[in-house]
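Each chain is listed here by its residues.
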Amino acid sequence: MNGIDKLKNYPHKHLLGIEGLLPNSLNFLLDLSQKYVKFLEKNSKKLDYLKNKTCINLFFENSTRTRTSFELAGKKLGADMLNISVGTSSIKKGETLIDTAMTLNAMQPDLIVVRHNDAGAVKLLSEKVNCGVINAGDGPHEHPTQALLDALTILSRKKTIAGLKVAICGDIMHSRVARSNIHLLNTLGAEVRVIGPATLIPKEIDSLGVKVFYNMKDGLKDIDIIIMLRLQLERMSGSFVPSIREYFRFYGLDREKLNYAKPDALILHPGPMNRGVEIDTELADDLDRSAIFDQVRMGVAVRMACLKALVKK
Amino acid sequence: MNGIDKLKNYPHKHLLGIEGLLPNSLNFLLDLSQKYVKFLEKNSKKLDYLKNKTCINLFFENSTRTRTSFELAGKKLGADMLNISVGTSSIKKGETLIDTAMTLNAMQPDLIVVRHNDAGAVKLLSEKVNCGVINAGDGPHEHPTQALLDALTILSRKKTIAGLKVAICGDIMHSRVARSNIHLLNTLGAEVRVIGPATLIPKEIDSLGVKVFYNMKDGLKDIDIIIMLRLQLERMSGSFVPSIREYFRFYGLDREKLNYAKPDALILHPGPMNRGVEIDTELADDLDRSAIFDQVRMGVAVRMACLKALVKK
Amino acid sequence: MNGIDKLKNYPHKHLLGIEGLLPNSLNFLLDLSQKYVKFLEKNSKKLDYLKNKTCINLFFENSTRTRTSFELAGKKLGADMLNISVGTSSIKKGETLIDTAMTLNAMQPDLIVVRHNDAGAVKLLSEKVNCGVINAGDGPHEHPTQALLDALTILSRKKTIAGLKVAICGDIMHSRVARSNIHLLNTLGAEVRVIGPATLIPKEIDSLGVKVFYNMKDGLKDIDIIIMLRLQLERMSGSFVPSIREYFRFYGLDREKLNYAKPDALILHPGPMNRGVEIDTELADDLDRSAIFDQVRMGVAVRMACLKALVKK
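Looking at this structure, how should I read the sheet that holds strand 9 (residues 266-268) of chain B?
Through backbone hydrogen bonds, the strands of a sheet pair up, either in parallel or in antiparallel fashion. Residues and elements named next belong to chain B. One open sheet holds the 5 strands; their spatial order is 7-6-5-8-9, and the pairing between them is parallel. For this open sheet the edge positions go to strand 7 (211-213) and strand 9, each flanked by a neighbour on one side alone. Strand after strand, the sheet turns through a mean of 25° between neighbouring axes, direction not considered. Alignment of strand 5 (residues 165-169) against strand 8 (residues 225-228), held across 4 bridges, turns out to be parallel. Across the sheet, the residue bridging to Val 166 is Ile 225, located in strand 8.

What is the right way to read the side chain of Ser 25 of chain B from this model?
Here Ser 25 of chain B shows up in helix 1 (residues 23-41). When residues no more than four places from it in sequence are discounted, the contact partners of Ser 25 of chain B are Leu 7, Tyr 10, Pro 11 and His 12 of chain B.

Please clarify how the packing of helix 2 (residues 65-76) of chain C against helix 11 (residues 292-310) of chain C should be interpreted in this entry.
The geometry of a pair of packed helices is captured by two quantities: the angle between their axes and the separation between those axes. Residue and element names in this part refer to chain C. One way to put it is that helix 2 packs onto helix 11 with a least axis distance of 8 Å and a crossing angle of 55°. By the criterion of interaxial angle, the relationship of helix 2 to helix 11 is oblique. Once helix 2 is placed against helix 11, the crossing between them reads as right-handed. On helix 11, the residues touching Arg 65, Thr 66, Ser 69, Phe 70, Ala 73, Gly 74 and Lys 76 of helix 2 are Val 296, Gly 299, Val 300, Arg 303, Met 304 and Leu 307. Considering only residue class, the contact of helix 2 with helix 11 consists of 6 nonpolar, 4 polar and 3 charged.

What am I meant to see in the relation of the copies chain B and chain A here?
In this arrangement, two copies of a chain are superimposed by a rotation about an axis accompanied by a shift along the axis. Taken as rigid bodies, chain B and chain A are interconverted by a rotation of 120° and an axial shift of 0.0 Å, the fit giving an RMSD of 0.0 Å. The transformation just described matches what one would write down for a three-fold rotation axis.

In this structure, what is going on with the side chain of His 183 of chain B? I would like to understand it.
For His 183 of chain B, the position within the fold is in helix 6 (residues 176-187). Taking relative accessible area as the criterion, His 183 of chain B reaches 12% and is therefore assigned buried.

Can you walk me through the interface of chain B and chain A in this structure?
Size of an interface, as often reported, equals the accessible area lost when the parts are brought together. Counting residues at the interface gives 27 residues for chain B and 21 residues for chain A. Contact between chain B and chain A buries roughly 2,400 Å² in total, counting both sides, with carbon and sulfur atoms accounting for 53%. Sorting the residues of chain B by area buried against chain A places Asn 62, Thr 64 and Phe 293 of chain B first, and these three jointly supply 22% of that buried surface. In this assembly, chain B and chain A are joined by 2 salt bridges. With a closest N to O distance of 2.7 Å, Arg 275 of chain B and Asp 99 of chain A form a salt bridge. Counting every contact that joins chain B to chain A gives 6 residue pairs in polar contact (both at pLDDT 80 or more). Among the elements that line the side of chain B that touches chain A, the one with the most residues is helix 2 (residues 65-76) of chain B, at 8 residues.

When you look at the pattern of salt bridges in this model, what are you seeing that I'm missing?
Between side chains of opposite charge, pairing is possible as soon as their charged atoms come close. One pass over the structure, following the stated rule, counts 57 salt bridges over all chains. We note a salt bridge from Asp 80 of chain A to Lys 46 of chain B, for which the minimum N-O separation is 2.9 Å. In this pair, Asp 80 of chain A is assigned in strand 2 (residues 80-85) and Lys 46 of chain B in the loop between helix 1 and strand 1 (54-59), connecting two distinct chains. The class of Lys 46 of chain B is partly exposed, set by a relative accessible area of 31%. Residues Asp 286 of chain C and Arg 255 of chain C are paired through a salt bridge, measuring 2.8 Å at the closest nitrogen-oxygen approach. Placement of Asp 286 of chain C in the loop between helix 10 (281-284) and helix 11 and of Arg 255 of chain C in helix 9 (residues 255-258) is noted, with a sequence separation of 31 residues between them.

Reading the values: the criteria
Residues numbered from 1 in each chain as written. Chains lettered and ligands numbered in written order. Predicted model: local features only at pLDDT ≥ 70, side-chain atom pairs only at ≥ 80, totals over all residues. Heavy atoms only, no water. Pairing = 2+ DSSP bridges. Helix = DSSP H or I, 4+ residues; strand = E, 2+ residues; numbered from the N terminus. Axes fitted to C-alpha atoms, helices over the stretch in contact; angles between N-to-C directions. Contact = heavy atoms within 4.5 Å. Parallel < 35°, antiparallel > 145°, perpendicular 65-115°, else oblique. Left-handed = near helix turned anticlockwise from the far one by under 90°. Nonpolar A, V, L, I, M, F, W, Y, C, P; charged D, E, K, R; others polar. Least-squares fit on C-alpha atoms with pLDDT ≥ 70 in both. Buried < 20%, exposed > 50% of the residue type's maximum accessible area, 1.4 Å probe, protein only. Buried area = accessible area lost by both parts, 1.4 Å probe. Salt bridge = Lys/Arg side-chain N within 4 Å of Asp/Glu carboxyl O. Polar contact = N/O pair within 3.5 Å; in protein donor to acceptor, adjacent residues only side chain to side chain.

Quick look at the structure:
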């Protein structure tokens, strides 16, 4: 990693997005994450850095992996983790997001992790609380810990990010994962392309410094890393994609399309996968090519690093 | 506080309601709560008074703040907290409340916190278990920890309860918060008034020792404390209130109506608020007049005190 | 217990079912459970055998008692317990069971407890993870910890299982409890009968080594233990049982039918009970005859034993 100007402490109060973070901030979190990867490998005792600290997992959208990953990460550091999910919450009673924020704030937690279906909701909430806030996904906007764990996975296999050619493929328009990854990869010196049908690529995307491709053959040429996105079936109303079958034919990753990329190209996917939609089942299961479950493992380490960095002593 | 006849230990097994509790019992809980307010201010290490103890949060109704408040309170004292919510419970399978009680009892918890939508359900459950039970709200009956945290909030601003004039405003009929507060405030020597439309004030209410007012101008005269109740929109079928707009005009608290009260009158609200229904948004946000988020903070301290008082050594 | 060939360590990685387990494996778990029964009686401090270990409760079906029982058991041993329920999980997003398994595996838990509505799903999941897996009920297939806690309850009252006559009554066809109990009781030398209407007894059942009875009078003759099954009302479509009233008349346990059994016959029920359907309310409440709440207490001890036996040091 480009280690100029290493930081001793993380300089920000919140982690709301990757956009605007400098390389030294990203490297601080990635360096710390790598330490926790080693810690998890040794399956050692729990740490007590966050003993007596309370973190709240506030999820307005369902999630297995992200919520569980944060909960595990917090517990490994000795924190008390409280889960609040919208299904069992008084948000349904019509309370505003700001009142929820101020109510939780009055309980004096040490950190709040928030997932919300609206872009910007997590930032709004962060302005009303005294503690640090981590964005665990806000609508189509950002999902910063996903981009960090993707970067950590790439680093573990390719040793560097600078100079790599990375293609992000699929439903770019609705994807917070795409947006966070574009910011992170650009900031750390990768060349980023997006590939997908014109209906799923927003027009303003080139302002983010990416090259746009509408077919996999051209887009995957000389690519080191392929980030496949989940086709958000629940968000589709038929107007974006003619049919699942058609979609897979043109944009689903299989061996044939993979051959367009470099011979050692690595496949990432944020999960959960739609097998046979955006990725071929046989390819998903080839753990030499696909780092999908590595990403999950890296996710716990990244969340440990973010919690450690943001919870005040 | 009127400190005659101070208690060394809390004399009751359960906390099912405020009705019937003597001043020394209430003062015992409030004194202990004040210690925990200071503990929370210092944001110290966790305590271990309830180490090795298991408390069950059994919620038949959704709740963010009350459930989270008890969970936090228990963890601050070192207890293991288990959450059971009706959405994920076998109650749906048709098990009776008594069987649920006896089943949980057989698991030998040290305390059970219960919220239930039927008045009396928590008492029924308490008769079938060996451990202490705290009522976290039973239908329109009682919500004792809410009344205690309201009292604690009043004490923190006014130093005493005896002699204060307190108005409880809004949907008195469906409110367990009103009922618990009336008992507590009367017992500790305040003068209590209720204000609301005739359709939302039960006829028997004067037997509880309160004065009834049907308009805010008369009811708020010389008042020290205003407790605004949540308009339970989900319970309304149109027959109690002509329209939300009409309701706010006559009973919603705004600057104009606030002027009827004493110049330093304090506003409480159990939350979650319906802004623009029972309280004006600008007033809710004036933290000099409105103690709404203080109440949440006091809530954690009160629940710590109640857990500590009721869990057997 | 028949103590020949006592084991020092539990020889299996998973606990997927009772079928195929040898007497010494069953006795290992039952011996250890009996130690934990004594531990729970003394209501001692928590143990720390599973300190720094993480167990995941993965429930695809709702459950109060089983989920809570495992959570309590784990906490008594010092483990961190994580709950994942299908209602708040990405399974709904269409992820396959195998991907869920591999995702959780990548988070490196020390044990996974799984309940699933399909027979065989837990075994499938266990093949994709590195840690031990406990089946907490898979469709109509097996529910091994229920059979173990039933055995422990029988042992606590009758001192032995070998030679006892046990009748399992009711909806045999849909019952994982019946299946696990038949295997366990046969293996430990009891004589097992099943009793129920022909529509609720699968034809192949005699291959499991049980005698089939279609009426309670004959089936209960000389019986020591009666295991009443829950009538799974939610699974019934009217075709299995003419009416609840008719069912109770012929197969619901009451004092009159109980008289067919031995005078000291003991009644078990896995809960939650349908009072007035499979068991008379007055009989359910007679704690000399009915061991229903003893079973719950034994359940915590059995789950402690299973967690202790399966989590790797």
